[in-house]
Amino acid sequence: MNALASEIVRDTSAVSAADLAKGGHFSGTIGDITTPDPRMVCREVNVWYGDKHAIKDVSLDIGNHQVVAMIGPSGCGKSTFLRCLNRMNDTIDGCRVRGSITLDGREIYDKGLDPVPLRAQVGMVFQKPNPFPKSIFENVAYGARIHGLTNSKAELDALVETSLRKAGLWNEVKDRLDQPGTGLSGGQQQRLCIARTIAVSPEVILMDEPCSALDPIATAIIEELIDELREHYSIAIVTHSMQQAARVSQRTAYFHLGDLVEVGETTQVFTNPRHKLTEDYITGRFG
Amino acid sequence: MNNPAPGASAPPPAPAARRTIDIVNASLKRRYAREARFRFMGAAAVFLGLLFVGVLFGDIVAKGYTAFAQTYIQVPVYFDSATLDPDGSRDPQVLANADYLGLVKASLRTLFPQVTGRAQQRALYALISAGAPQQLQTMVRQYPSVLGTTRDVWLIAGADVDMLVKGQIDRELPEADRRIKDSTLTLVDQLKTEGRIEQRFNTGFFTNGTSREPELAGIAGALAGTFYTLALTLLLSFPIGVGAALYLQEFAPKNRWTDLIEVNINNLAAVPSIVFGLLGLAVFINVFGVPRSTPLVGALVLALMTLPTIIIASRAALQSVPPSIREAALGVGASPLQTQFHHVLPLALPGIMTGAIIGMARALGESAPLLMIGMIAFIVDIPQGITDSATVLPVQIYLWADSPERGFVERTSAAILVLLGFMVVMNLAAVLLRRRFERRW
Ligand SMILES: Nc1ncnc2c1ncn2[C@@H]1O[C@H](COP(=O)(O)OP(=O)(O)O)[C@@H](O)[C@H]1O
Ligand SMILES: [Mg+2]
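Residues numbered from 1 in each chain as written. Chains lettered and ligands numbered in written order. Predicted model: local features only at pLDDT ≥ 70, side-chain atom pairs only at ≥ 80, totals over all residues. Heavy atoms only, no water.

(A) Just the sheet that holds strand 3 (residues 197–201) of chain B, in detail. All names here are of chain B. Strand order in the open sheet formed by three strands is 2-1-3, with antiparallel pairing between adjacent strands. Whereas interior strands pair on both sides, the edge strands pair on one side only; in this sheet they are strand 2 (150–156) and strand 3. Taking each pair of neighbouring strands and ignoring which way they run, the sheet shows an average axis angle of 40 degrees. Both strand 1 (residues 69–78) and strand 3 contribute to a ladder of five bridges, which runs antiparallel. Across the sheet, Gln70 pairs through a bridge with Arg200, a residue of strand 3. Strands in contact with helix 6 (residues 132–142) are strand 1 and strand 2; relative to strand 2, the strand with the most contacts, it is inclined by about 135 degrees. (Pairing = 2+ DSSP bridges. Helix = DSSP H or I, 4+ residues; strand = E, 2+ residues; numbered from the N terminus. Axes fitted to C-alpha atoms, helices over the stretch in contact; angles between N-to-C directions. Contact = heavy atoms within 4.5 Å.)

Set out below in structure tokens:
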């Protein structure tokens, strides 16, 4: 396997990104797609938007208490893959998903599986902060309300407080919980969205470029937060910032035109990329 | 532009390649001129539009404002117990059936003893409206104590006197061309000098049903009919329209069938309203046996007519809710229905309501389809429910506009004013709603 892998490296190192774009000399993911303690296991996932093949045979594990970073040039399918993990793609007309994705051993694309509770288990934070145009309190309480997670007002208050604390927002908003969430700054809004997500106690949190609309200081706060959240949750994060991937993640997956090119320990991928495309990308030759 | 540097002798000609700023400056004048022309044309168009609206409104107001006043004539009436209540029983039944027309005539004869002869007397009686006996009857039934006394009573003037007092009959015309003859003129003049003629606010216009006599005709019946019809229209078309829009926009699969439905909804919005009337006649009245001329069948037809408007407006409003809100709700595990009802619908509601109000305003002004289903009948009684025969304001206007009497002309215009007032209020409400709930995300 290792010998084969290095064969491929040697093989593909001669292939430029442009060549790959033209017709694909891609011949399988390099690196270990598995982790010892996986939370979600994806095998040979394919996604089509109509005729467009957006994700091709991607296999990847999302480890327990681990942050997996997904990087790659724009349009390579990072978001698409991420949205497969909580069946958010179901809402897109013409989007088809094939392959196997399991959460704790259970196939999430099973006919009988209801995506509604799944999304409570696999929460999502979006690229642009999207708080509900309701109060800060209601934003955080909403998930608990619809799922009936709390039995009393006091419990709900406590849940909102702990969620906001975990999201590092409590001190900034505790005096104005009744004010609209949309009135917060961008970074605060994104942390509010994180609080909203963790209020329903998900097992996995998906983050799609959560800092791309934020300034550096807000970004730093959220990165710190992600590191703390790892203690309780498994996290898959899409980012276009390589520094961010390096800072917050333990494993990194590099996508290119719908293929998962390389997966590995973050330090390894950034210091010693094994695929020419990965190397080109992280050294900034394209992206 | 290419100014030579001061002091430079024989400046070198500008280089062939002019700087961008020079090119821009050169074209600037033309661009500004074009902009000024465009602005002028825009302002002129707005002015012209306002002018037309102003002329229209001015004309209607000028014709209609007099209808809000009504001429009254003060007549001393002797409520003779012997004729009105011969047994002295004060039985309401007897009092109701007494001869009040005779009472009016007798009072007028007492007031003008000089008028003799049948023709002259008929002219005398025409001074007072045919509604006067009703007025006296109401008075006696309410206050039986007037029996046996003489009271000065302000009676509604007849339509011709009303018109004369309002200056709408030209007394300079030769007698043959005038609706009021010279003899009547002298009577009116005498009443005037005695201070027995007065104009008062015309409450009857708002409390009476329609009538053959212009001075008695009011819009209460039409208003009630309009109210029942529109309320029911809203009740039917709003939930159905919003539901259909919600389903089509958010839940229905996008395929050839839904495309076909969408095209047809857009077509329906453009169908002439009278076609809906024909449909109502053929389906609701002839097939389902819904009683004709009623607000019920009117509302069914108008609901059909406003449905496409509401559906289209609602879909546009739903579409304008950013997808990020839906994703946010779905992302925490809200079901599609919860997503719609908790988040999308509240945000779309101002747009939906604006659409609904515009649809209702259109329904309010509609007469053509209602003619087809018999809401054009002459109905004096004020409808008490959705299954009573009724007419609506636009149809009432149409009916009055058809009447030759001068008195109906001013009432037509006054009714139009009332209708326009409602329209303005509804459109204002639409604008305010939009302002009030301006996008909050
Ligand atoms: N809703 C959609 N319909 C059709 N094509 C889509 C849709 N969303 C994404 N795509 C296409 O799928 C590919 C992957 O997109 P995406 O996952 O958003 O990339 P990334 O997040 O890596 O930038 C792109 O080529 C994009 O054009
Ligand atoms: Mg993306």
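(B) Just the site of ligand 1, in detail. All names here are of chain A. Tyr49, Lys52, Ala54, Ser74, Gly75, Cys76, Gly77, Lys78, Ser79, Thr80 and Ile92 make up every residue found near ligand 1. Between Gly75 and ligand 1, the recorded distance is 2.7 Å, taken from a backbone N or O atom to an oxygen atom. In this structure, an oxygen atom belonging to ligand 1 sits 3.3 Å away from a main-chain N or O atom of Cys76. Calculation on ligand 1 without its partners gives an accessible area of 560 Å², and the protein chains cover 63% of this total. The leading source of residues in the shell around ligand 1 is helix 3 (residues 78–84), at three residues. Split into classes, the residues belonging to the shell around ligand 1 amount to four nonpolar, five polar and two charged. (Near = heavy atom within 4 Å. Polar contact = N/O pair within 3.5 Å; in protein donor to acceptor, adjacent residues only side chain to side chain. Areas by Shrake-Rupley, 256 points an atom, 1.4 Å probe, with all protein chains shown as cover. Nonpolar A, V, L, I, M, F, W, Y, C, P; charged D, E, K, R; others polar.)

(C) The interface of chain B and chain A, seen in detail. Between chain B and chain A, the residue contacts involve 19 residues of the former and 22 residues of the latter. Between chain B and chain A the total buried area reaches about 1700 Å² when both faces are included, carbon and sulfur atoms providing 63% of it. Between the two partners, chain B and chain A, sit one salt bridge. When the shortest N-O distance is used, the salt bridge between Glu327 of chain B and Arg83 of chain A registers 2.8 Å. Joining chain B to chain A, the criterion identifies six residue pairs in polar contact (both at pLDDT 80 or more). Elements supplying a minimum of two residues to the side of chain B that touches chain A: helix 14 (323–331) and helix 15 (336–364) of chain B. The greatest single-element share of the side of chain B that touches chain A, amounting to seven residues, is contributed by helix 14 of chain B. Looking at the side of chain B that touches chain A residue by residue, the class counts come to nine nonpolar, seven polar and three charged. (Buried area = accessible area lost by both parts, 1.4 Å probe. Salt bridge = Lys/Arg side-chain N within 4 Å of Asp/Glu carboxyl O.)

(D) Region of the structure containing the domain arrangement of chain B. Residues and elements named next belong to chain B. When its domains are assigned, chain B resolves into domain 1 (70–202) and domain 2 (220–437). Distance from the C-alpha centre of domain 1 to the C-alpha centre of domain 2: 46 Å. Facing the six residues of domain 1 at the interface are four residues of domain 2. Buried surface at the junction of domain 1 and domain 2, summed over both partners, amounts to about 430 Å²; 42% is from carbon and sulfur atoms. Applying the counting criterion to the domain 1 and domain 2 interface returns one salt bridge. A salt bridge links Glu410 to Lys166; the nearest nitrogen and oxygen atoms lie 2.9 Å apart. Inspection of the region where domain 1 meets domain 2 yields two residue pairs in polar contact (both at pLDDT 80 or more). (Domains from an automatic or database assignment.)

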